[in-house]
Amino acid sequence: IEKEALEAIAAAADLDALDAVRVAELGKKGRVSGLMGSLGKMSPEERKENGPKLNALKNRVNDAVTARKTELEAEALEKQLVTETLDLTLPPAPGPKAGALHPVMQVFEEVAAIFGDMGFTVAEGPDVEDDWHNFTALNFPEGHPARETHDTFFMKAQEGDTPKVLRTHTSPVQVRTMMKQKPPIRILVPGRVYRNDWDATHTPMFHQVEGLVIEKGTHMGHLKGCLIDFVRAFFEVDSVEARFRPHFFPFTEPSAEMDVKYTRKGETIEIGAGDSWMEILGSGMVHPNVLRNCGIDPDEYQGFAFGMGIDRLAMLKYGMPDLRPYFEADPQWTRHYGFAP
Ligand code: PHE
């Protein structure tokens, strides 16, 4: 048996043939296995004599199979190496085109880095917001026209559910943060916001960055200093002429829009000095009602907040004339105005 088995193994021309031999000898119904099985019917003396011999036979056949297997595998590899040649002179296949960071993302990262240096951390909230967080908690009276001035997208209410809106500003994240975090608070909130509006400078979805600071003894001077420092860092100018023009927001009192002086040089706009004012953000001291709605005692803590459209900031800083291509996902536009990551 051993001689036959070893011959068959040596003769196996490929891995399949070898496996057939292995099954015929060592498989459950194989010849060698059969011999091993016969041990059970022998007397103890016979078993003592034949056991080790049969075991050794089994091992030799097994080793022969393994050795032949290694041989055949090496042969197969050799064959593959000879037949599959690589032409190193071929030009490479065109790879994927590198993308670019969208200007809005780039600008958000710049803004976050500047405020990060002032101790702000990033917070986020949902795009689909409820009426309470978007309006009521922010001191918009029920049925007040201010709710309409936002051109709100109202969502169809689910049965038994509170009415939902697409958030019209990032300010509801002020509320969400104050509800779950004790002051002192310094957060920066990037996010998409939605208003029913569409022209060269308004898109129905756009991006805001909101800031909120709640600390004991905060006053208007902190607000002004913080925002002027931000504008200087963002537009990379040593000084800016800025003015805080009284305004109205339900959730801040007093409220102010911040204007900066600018100069138009042909197509480009330089921020900092010049003969015209441009509005760049809304701000104010957090209204005591808002603090109270969020469980913060206005006699103990004060704070300021601001919000700005970062699509417009990107337009200004990088000289993009039209807001609409921002959201048309044209890769050529992104490569032109975008930033290599
Ligand atoms: N939420 C306001 C807006 O969208 C901006 C703002 C934020 C104003 C924070 C004051 C304080 O117009």
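Residues numbered from 1 in each chain as written. Predicted model: local features only at pLDDT ≥ 70, side-chain atom pairs only at ≥ 80, totals over all residues. Heavy atoms only, no water.

S.K.: Describe the overall build of the chain, listing the residues and the values that go with them.
M.R.: Per the secondary structure count, the chain includes 12 helices and 10 strands. For 341 residues, the compact-globule formula gives about 20 Å, and the C-alpha radius of gyration of the chain, at 38 Å, lies well above that figure. Each principal axis of the C-alpha atoms in the chain carries an extent, and together these give about 110 × 55 × 40 Å. Classification of the 341 residues of the chain by burial places 39% in the buried group. Here the contacts in the chain between residues at least 6 apart in sequence split such that 64% fall between residues at least 24 apart. Working note: accessible area of the chain is about 19,400 Å², and carbon and sulfur atoms make up 55% of it. Between the centroid of the 38 positive side chains of the chain and the centroid of its 52 negative side chains there is a distance of 6 Å. (Helix = DSSP H or I, 4+ residues; strand = E, 2+ residues; numbered from the N terminus. Rg over C-alpha atoms; globule rule 2.2 N^0.38 Å. Buried < 20%, exposed > 50% of the residue type's maximum accessible area, 1.4 Å probe, protein only. Contact = heavy atoms within 4.5 Å. Areas by Shrake-Rupley, 256 points an atom, 1.4 Å probe, with all protein chains shown as cover. Lys, Arg positive; Asp, Glu negative; His and termini not counted. Charge placed at Lys NZ, Arg CZ, Asp CG, Glu CD.)

S.K.: Which residues make up the confidence of the model for the chain, and what are the values?
M.R.: The predicted model of the chain has a mean per-residue pLDDT of 91, with 99% of residues at 70 or higher. For this predicted complex, the interface score ipTM comes out at 0.98, while the overall pTM is 0.72. (pLDDT = per-residue confidence, 0-100.)

S.K.: Give a detailed account of the pattern of salt bridges, specifying residues and quantitative values.
M.R.: One pass over the structure, following the stated rule, counts 22 salt bridges. In this structure, R22 engages D19 in a salt bridge whose closest nitrogen and oxygen atoms are separated by 3.0 Å. Of this pair, R22 and D19 both sit in helix 2 (residues 15–26), three residues apart, which is roughly one turn of the helix. Judged by relative accessible area, D19 falls into the partly exposed class, the value being 37%. Linking K265 and E270 is a salt bridge whose minimum nitrogen-to-oxygen distance equals 3.0 Å. (Salt bridge = Lys/Arg side-chain N within 4 Å of Asp/Glu carboxyl O.)

S.K.: Could you give me a rundown of the nonpolar core, with the residues and numbers involved?
M.R.: Counting residues in each nonpolar core, the largest one holds 41 residues, and the members touching the most others are V111, F115, L188, F230, V231, F306 and M308. Put simply, the parts of the chain that give this core at least two residues each are helix 5 (103–117), strand 5 (205–215), helix 9 (220–235), strand 7 (252–265), strand 9 (276–286), strand 10 (302–309) and helix 11 (310–318). Contacts of M308, omitting those with residues within four sequence positions, involve V111, F115, H207, Q208, V209, F230, I280, L281 and L313. If you look at the next biggest cluster of nonpolar residues, it comprises 22 residues, including L138, L212, F251 and V290. (Core = buried A, V, L, I, M, F, W, Y, C linked by side-chain atoms within 4.5 Å.)

S.K.: An account of the pairing of strand 9 is needed here, citing residue identities and associated values.
M.R.: In summary, the side chains of a regular strand alternate between the two faces of the sheet. Within strand 9, eight of the 11 residues are buried, leaving the element largely enclosed by the surrounding structure. Bridge count between strand 7 and strand 9: nine bridges; the pairing is antiparallel. Within strand 9, the position partnered with T252 by the bridge is V286. (Pairing = 2+ DSSP bridges.)

S.K.: Would you mind going over the site of the ligand in detail, with residue names and values included?
M.R.: Near the ligand there are 14 residues, and of these H169, S171, R195, Q208 and E210 occur at the shortest range. A distance of 2.9 Å is found between a nitrogen atom of the ligand and a side-chain nitrogen or oxygen belonging to S171. Contact distances for the ligand include 2.9 Å between an oxygen atom and a side-chain N or O atom of Q208. For the ligand, the protein covers 92% of the area, taking 330 Å² as the surface of the free molecule. Of all the secondary structure elements, the ones that give two or more residues to the shell around the ligand are strand 5, strand 9 and strand 10. Here the shell around the ligand gets three residues from one element, more than from any other, and that element is strand 10. Among the residues forming the shell around the ligand, the class breakdown is four nonpolar, eight polar and two charged. (Near = heavy atom within 4 Å. Polar contact = N/O pair within 3.5 Å; in protein donor to acceptor, adjacent residues only side chain to side chain. Nonpolar A, V, L, I, M, F, W, Y, C, P; charged D, E, K, R; others polar.)

S.K.: An account of the environment of T218 is requested, with residue identities and associated values reported.
M.R.: Mapped onto the fold, T218 is located in the loop between strand 5 and helix 9. Between the C-alpha atom of T218 and that of P126, which follows or precedes it by 92 residues, the distance is 28 Å. T218 has contacts with M285, Q302, G303 and F304, leaving out every residue within four places of it along the chain. For T218, the side chain forms a polar contact with the main-chain oxygen of E215, separated by 2.8 Å.

S.K.: Could you give an account of the packing of helix 3 (residues 31–38) against helix 4 (residues 44–83), with specific residues and numbers?
M.R.: In the contact formed by helix 3 and helix 4, the axes pass within 10 Å of each other and the chain directions differ by 165 degrees. The orientation of helix 3 relative to helix 4 falls into the category roughly antiparallel. Every pair of crossing elements has a handedness; the one defined by helix 3 and helix 4 is left-handed. Along its contact with helix 3, which presents V32, L35 and M36, the element helix 4 presents L54, N55, L57, K58 and V61. Residue composition of the contact of helix 3 with helix 4, grouped by class: six nonpolar, one polar and one charged. (Axes fitted to C-alpha atoms, helices over the stretch in contact; angles between N-to-C directions. Parallel < 35°, antiparallel > 145°, perpendicular 65-115°, else oblique. Left-handed = near helix turned anticlockwise from the far one by under 90°.)

S.K.: So what about the pairing of strand 4 (residues 185–194)? Which residues, and what values?
M.R.: In terms of residue burial, strand 4 counts as a mostly covered element, since eight of its 10 residues are buried. Examined bridge by bridge, strand 1 (residues 121–122) and strand 4 share two bridges and lie parallel to one another. Across the sheet, T121 pairs through a bridge with I187, a residue of strand 4. One ladder, built from 10 bridges, connects strand 4 with strand 5; its direction is antiparallel. By the bridge assignment for strand 5, R186 is matched with V213.

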